[in-house]
Structure formats: structure tokens, C-alpha cells
Amino acid sequence: MAKTAWIFSYKLKKTVTPEEFMERTQALHDAVISKAKGFLSWEHYVQDETWTDFVLWETEEDAQNATTVGQGTAEAEAFYACIRIVTCRALISRFVKKY
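Residues numbered from 1 in each chain as written. Predicted model: local features only at pLDDT ≥ 70, side-chain atom pairs only at ≥ 80, totals over all residues. Heavy atoms only, no water.

1. A short note on the overall build of the protein chain
To keep it simple, the criterion reads: Strands are runs of DSSP state E lasting at least two residues, helices are runs of H or I lasting at least four, and both sets are numbered from the N terminus onward. Just to be clear, the radius of gyration here is over C-alpha atoms, and the globule rule we use is 2.2 Å times residues to the power 0.38. Under the scheme applied here, a residue whose accessible area is under 20% of the maximum for its type counts as buried, over 50% as exposed, and between as partly exposed, the area being computed with a 1.4 Å probe on protein chains only. For this analysis, residues touch if any pair of their heavy atoms sits within 4.5 Å.
For the protein chain, the count of helices and strands is three helices and four strands. Reading the protein chain from its N terminus to its C terminus gives the helix and strand order β-α-β-β-α-α-β. Since a compact globule built from 99 residues should have a radius of gyration of about 13 Å, the 13 Å found for the protein chain is in line with a globular shape. Expressed as lengths along the three principal axes of its C-alpha atoms, the size of the protein chain is roughly 40 × 30 × 20 Å. Buried positions account for 29% of the 99 residues belonging to the protein chain. Looking at the protein chain alone, contacts between residues at least 24 apart form 73% of all its contacts between residues at least 6 apart.

Now the structure itself:
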């Protein structure tokens with residue numbers, strides 16, 4: 001079971017379509033994030049204009065180390081170019097219990 005999650009919420013730039021964003025997310029996932037040590041899964045949720053991502057990692061150390069894994073990659077730059085950064089909120093949370 002996952003021990004740590006990245007939880008991000010953000011809004012897309014007005015010029016970015018959800019389809020374009022999903023293509024860029026898939027590219028980042030395939031080329032970078034899914035290859036990082038301890039990666040388990042990445043899920044997108046959306047309500048109105050606010051997107052929320054849950055990225056699960058095996059350990060807290062894996063989650064912390066992965067925060068820099070995409071730096072400088074074309075895939076990460078394309079992904080973040082879609083997001084209104086001022087709307088971005090991020091947490092790294094440890095698993096406690098599942099009901």
C-alpha cells in the first residue's frame with residue numbers, strides 16, 4: 001500500500017485545452033515520473049476549473065527524491081507551461097490509515 005502521496009491542485013492556463021494538457025501529462029508520466037524510484041500511480045481529478053493530482057509513492061523518501069526528477073526535461077517544462085503556477089498548491093502527505 002502507498003505510504004506517501006503528492007497532492008497537487010491547480011488551474012490550467014486559459015489557452016490550454018484539457019486534451020492538450022492530458023497529452024503533456026502522459027508524456028511526462030511515460031518519460032520521467034513513472035521511471036522514478038518508488039512510483040506507484042498518478043491520478044487526475046477535476047472539479048470545474050480546478051485539477052487535483054494524486055501521485056502515490058512507496059516511501060516518503062521516494063516522494064521527496066522525486067520532487068526534482070523532472071527538472072530540466074522537455075516533458076516537465078511542457079507540463080508546467082500548461083499550469084497557472086499562482087494557483088498551484090502542493091502537499092506531500094504520509095499514509096496513515098485506509099477505511
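2. Description of the sheet that holds strand β4 (residues 83–94)
Using the following cut-off: For two strands to pair, DSSP has to find at least two bridges joining them. Convention adopted: a line fitted to C-alpha atoms gives each axis, helices being fitted over their contacting stretch, and angles between N-to-C directions are expressed from 0 to 180 degrees.
Here four strands make up an open sheet; going across it, the order is β2-β3-β1-β4 and the pairing antiparallel. The open sheet terminates on both sides in strands that have one partner only, identified here as β2 (39–47) and β4. Taken over all neighbouring pairs, the strand axes of this sheet differ in orientation by 15 degrees on average, direction set aside. Two elements, β2 and strand β3 (residues 50–57), share eight bridges in a ladder whose sense is antiparallel. Within β3, the position partnered with H44 by the bridge is D53.

3. Notes on the pairing of β3
Every other side chain in a regular strand lies on the same face of the sheet, so the side chains alternate between the two faces. Only one face of β3 is buried, namely the one carrying W51, D53, V55 and W57, since none of T50, T52, F54 and L56 on the opposite face is buried. Following β2, the chain reverses through two residues before pairing antiparallel with β3; D48 in that reversal takes a positive phi of roughly 55 degrees.

4. Looking at the state of the cysteines
As a reminder of what qualifies: Note on terminology: pairs of cysteine sulfur atoms within 2.5 Å are recorded as disulfides.
Per the counting criterion, the structure on display carries zero disulfides. Left unpaired, C82 is separated from the closest cysteine sulfur, that of C88, by 13 Å. The exposure class of C82 is buried, given its relative accessible area of 0%.

5. A look at the environment of K14
This is how the line gets drawn: Nitrogen and oxygen atoms within 3.5 Å of one another constitute a polar contact, given that in protein one can donate a hydrogen and the other can accept it, and given that sequence-neighbouring residues count only through two side-chain atoms.
Mapped onto the secondary structure, K14 falls in the loop between β1 (4–12) and α1 (18–31). The exposure class of K14 is exposed, given its relative accessible area of 62%. Along the backbone, K14 and T4 are ten residues apart, and their C-alpha atoms lie at a distance of 31 Å. With sequence-adjacent residues up to four places away left out, K14 is seen in contact with E49 and R84. Looking at K14, its side chain comes within polar contact range of the side chain of E49, at 3.2 Å.

6. Concerning the nonpolar core
Note the threshold: What is meant by a nonpolar core is a set of buried Ala, Val, Leu, Ile, Met, Phe, Trp, Tyr and Cys residues, joined one to another through side-chain atoms within 4.5 Å.
Of all hydrophobic cores here, the largest spans 21 residues; its most connected members are W6, Y10, L12, F21, I33 and W57. Leave out the neighbours within four places in its chain, and Y10 touches F21, H44, E49, T50, W51, D53, F79, I83, T87 and C88.

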